[in-house]
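Observations on chain architecture
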Amino acid sequence: MRRTSTWRSAPLALSLLATATVSWLPGSVSGQTAAEHAQAVARVASRLEPEIRRAMLDGTIPSLAVAIADRDGELWSAAFGESNLWAGTPASTQTVYLIGSTFKAQSTVALLQQMEQGKFSLDDPVHDYIDYELRGEDPDDPVLFRHLFTHTSGMPVDFGPHLVWGDTAPLQLDEYLRDSLRVTAPPHTAVVYSNMAYSLVAHLVERFSGTEYKTYVRENVWGPLGMRSTDFDLRPEMEERLAIPYVPDSITARPVATQRLKANVWPAGITYGTIHDQARWVTFNLGDGMAGDRRLLREETIQEMQRLQFRQHAGEPLSAGWGYDDPGYGLTWWTTTRGNDAYFGHSGSVPGYTAFVMGNRGRGHGVVFLTNGNAAHPHLIRLSNLAIDLMAEELTR
């Protein structure tokens, strides 16, 4: 199985690398010298790698990209397998994958920026700020902004798929919301995962900012974070690096290429990116809300995103069993605790792609995965838990 790797470390000769680019990081981290820290990162990578290979076999995952990061940025990244099985194209850390619903928290940042400007409060009724009828809503029991971010709005999941090369196209956001926006249950009565809610989030970003949604996210989230290989629409230089999506054959279980999809609910996660950009994203969520010299969010808002919002809806494991004690929703992020440690995470998935992001804010550690494997959540969650535990063991001695 092919692998490429990148390190942020002291210039050490590390035999486990197939190919590597190495850079010097001066100083010490968590009481370690730069050389000790580099050796600790190498130990994390060497202990994680065989588990990655095992997961790829068990999960029929053709290729996988991984990065670990701390508050200062990416520590190590690697890619395994082939992004195009027919062509035999080796995956790299520059390979582009669909990041799916891991994008939802990025969209949340865009709307919370408007909150910090005083344009709404989390417990305001949403219907006061939209031009659409929210069909089925009881005016005496309204959907609040906090409900949108915690999947307790009562809105349905919804998707509305369209083949990338098919004869139909997703509805324009305005048309989709006018035709489809509705609640099917009272808010705050249950957790029902809703892509529709995050399509409404996109509209609210536009309404409050006066800027088209895609442009706003590019200029106020991805741009400041240096996420230059993340986009809603594949640019030509991203298209040529795109991993082909695969699903298991129904008879042989061997991976076969599948159709790429668009969706009416595209703001909920029809978004593409690389593992380096995802590492930048998790680094931001471990920090204080700054991106270089620009503040994207207040630190207390970042903390609120990672704080359990409704304890009465907590306790059941989230997708594919993620979570330790009291798993539930923060503002978009999944949250859980174990002892004195608090964790945040989120998955992303459409046919042929699975992604995962996880962080431990207290220790300042994060891990991200991108794959062109189908419904690989259980494998990525196990690997994420392992990576976070290895970082806690090796990097904070």
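Residues numbered from 1 in each chain as written. Predicted model: local features only at pLDDT ≥ 70, side-chain atom pairs only at ≥ 80, totals over all residues. Heavy atoms only, no water.

**Considerations on the packing of helix α4 (residues 173-180) against helix α5 (residues 195-209)**
Note the following rule: Interaxial angles span 0 to 180 degrees and are taken between N-to-C directions of axes, which are lines fitted to C-alpha atoms, for helices over the stretch in contact. Numbering of helices and strands runs from the N terminus, with a helix taken as a DSSP run of H or I at least four residues long and a strand as a DSSP run of E at least two residues long. Orientation categories follow fixed angle ranges, with anything under 35 degrees roughly parallel, anything over 145 roughly antiparallel, 65 to 115 roughly perpendicular, and all other angles oblique. Helix crossings are classified by the rotation of the near helix relative to the far one: an anticlockwise turn of less than a right angle makes the crossing left-handed, while a clockwise turn makes it right-handed. In this analysis, two residues are considered to be in contact whenever any of their non-hydrogen atoms come within 4.5 Å of each other. The classification used treats Ala, Val, Leu, Ile, Met, Phe, Trp, Tyr, Cys and Pro as nonpolar, Asp, Glu, Lys and Arg as charged, and all other residues, Gly among them, as polar.
Contact geometry for α4 and α5: axes closest at 10 Å, N-to-C directions at 125°. Judged on the interaxial angle alone, α5 and α4 are oblique. Of the two possible hands of crossing, α4 and α5 adopt the one that is left-handed. Side by side, α4 and α5 meet where L173, Y176, L177 and S180 of the first sit next to M196, S199, L200, A202, H203 and E206 of the second. For the contact of α4 with α5, the class distribution of residues is six nonpolar, three polar and one charged.

**Comments concerning the confidence of the model for the protein chain**
Reading predicted coordinates in detail is not appropriate for stretches of low pLDDT. The condition is simple: pLDDT measures how confident the predictor is about each residue, on a scale from 0 to 100.
Summary statistics for the protein chain give a mean pLDDT of 92 and a share of 92% for residues scoring 70 or more. Confidence drops under pLDDT 50 across residues 9-28; counting only partners more than four residues distant or on other chains, this segment forms 46 contacts.

**Focus on the environment of D325**
Going by this rule: Exposure classes here rest on a 1.4 Å probe applied to the protein chains alone. A residue is buried below 20% of its type maximum, exposed above 50%, and partly exposed in between.
Its place among the elements puts D325 in strand β13 (residues 325-329). Judged by relative accessible area, which is 43%, D325 ranks as partly exposed. On a C-alpha basis, the gap between D325 and G315 in space is 6.9 Å, while along the polypeptide they are ten residues apart. Excluding residues within four positions of it along the chain, D325 makes contact with T336, T337, R338 and G339.

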